[in-house]
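Remarks on the overall topology
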Amino acid sequence: MPLTAIQDYFTGDHAICYGCGSDNAHGLQVRTYWDGQYGTFHFSPQDYHTAFPGVVYGGLIASLFDCHCIGTAVAAAYEKEGRPPGSDPLIMYVTANLNVNYLRPTPMGSELMLKSHIIEQKGKKTVVACTLSADDTPCANATVVGIRAT
Ligand SMILES: CCCCCCCCCCCCCC(=O)SCCNC(=O)CCNC(=O)[C@H](O)C(C)(C)COP(=O)(O)OP(=O)(O)OC[C@H]1O[C@@H](n2cnc3c(N)ncnc32)[C@H](O)[C@@H]1OP(=O)(O)O
């Protein structure tokens, strides 16, 4: 697994995203570690991420999927072009579609693991699938369609 997350290569206007911008002090700080096959991200929900007692808020989960999957699309695109992550010209994707299945309540108090992989890379479009697990139990999964913006 790389030591640097894909989002850590982004600076300036590309580092302000609520989900993954390193310069956004109020953001979620999503970090995607891409190993060429899978993107991995761990997140520990805080008390204020609760939906109801003991259960993580679903909108938070959607946000984690969103930025982690877009990060996966960016990392995979650099790899496909044979370029170091973050090199110019910068690669950026935006979310066109985000589809989440909530399989069971996601428990508070556990570290969450998101694991993503590429389903399709074609033209401007990349489709990424991702599973979110707590204590090795899948709690939600998602498919994200990313469209290349730069
Ligand atoms: C600069 C680098 C920095 C990077 C890091 C920054 C950090 C932040 C990053 C984190 C950011 C966090 C994430 C965020 O929060 S990103 C913010 C939330 N997202 C947006 O605001 C996006 C708004 N939408 C648009 O801008 C346009 O509608 C887009 C660009 C998405 C498509 O525009 P357009 O319609 O003109 O595209 P096209 O005609 O060229 O079609 C191209 C292909 O796309 C396919 N398609 C289109 N729509 C959909 C859809 N809904 N489902 C499935 N597929 C769809 C289409 O069929 C075609 O496929 P194909 O026929 O070729 O197979």
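Residues numbered from 1 in each chain as written. Predicted model: local features only at pLDDT ≥ 70, side-chain atom pairs only at ≥ 80, totals over all residues. Heavy atoms only, no water.

1. Considerations on the sheet that holds strand S5 (residues 93-102)
Put simply, the test is: One bridge is not enough; two strands pair if DSSP finds at least two bridges between them. Strands here are runs of E lasting at least two residues and helices are runs of H or I lasting at least four, both read from the DSSP assignment and numbered beginning at the N terminus. Whether two residues touch is decided by their heavy atoms; if any such pair falls within 4.5 Å, the residues are in contact. Axis definition: a line fitted to C-alpha atoms, over the contacting stretch in the case of helices. Angles run 0 to 180 degrees between N-to-C directions.
An order of S1-S2-S6-S7-S8-S5 is seen for the six strands of this open sheet, with the pairing classed as antiparallel. Lying at the two open borders of the sheet, with one neighbouring strand each, are strand S1 (33-34) and S5. As paired elements, S1 and strand S2 (residues 39-43) share two bridges and run antiparallel to each other. Bridge pairing in S2 places Trp-34 opposite Gly-39. Running at roughly 135 degrees to S5, helix H1 (residues 58-80) makes contact with S1, S2, S5, strand S6 (112-122), strand S7 (125-134) and strand S8 (137-148) of the sheet.

2. So, the nonpolar core
One broad trend across soluble globular proteins is that nonpolar side chains are buried collectively. Just so we agree on the cut-off: To form a nonpolar core, buried Ala, Val, Leu, Ile, Met, Phe, Trp, Tyr and Cys residues must be joined to one another through side-chain atoms within 4.5 Å. Using a 1.4 Å probe on the protein chains alone, a residue whose accessible area is under 20% of its type maximum counts as buried, one over 50% counts as exposed, and one in between counts as partly exposed.
The biggest cluster of nonpolar side chains holds 35 residues, and the ones touching the most others in it are Val-30, Leu-64, Phe-65, Val-74, Tyr-93, Leu-114 and Leu-132. When contributions to this core are tallied by element, the ones reaching two or more residues are S2, H1, S6, S7 and S8. In terms of residue count, the dominant contributor to this core is H1 (13 residues). Contacts of Leu-132, omitting those with residues within four sequence positions, involve Ile-61, Leu-64, Phe-65, Thr-106, Leu-112, Met-113, Leu-114, Thr-137, Pro-138, Cys-139 and Ala-140.

In short, the description is geometric, and any link to function would need to be established separately.
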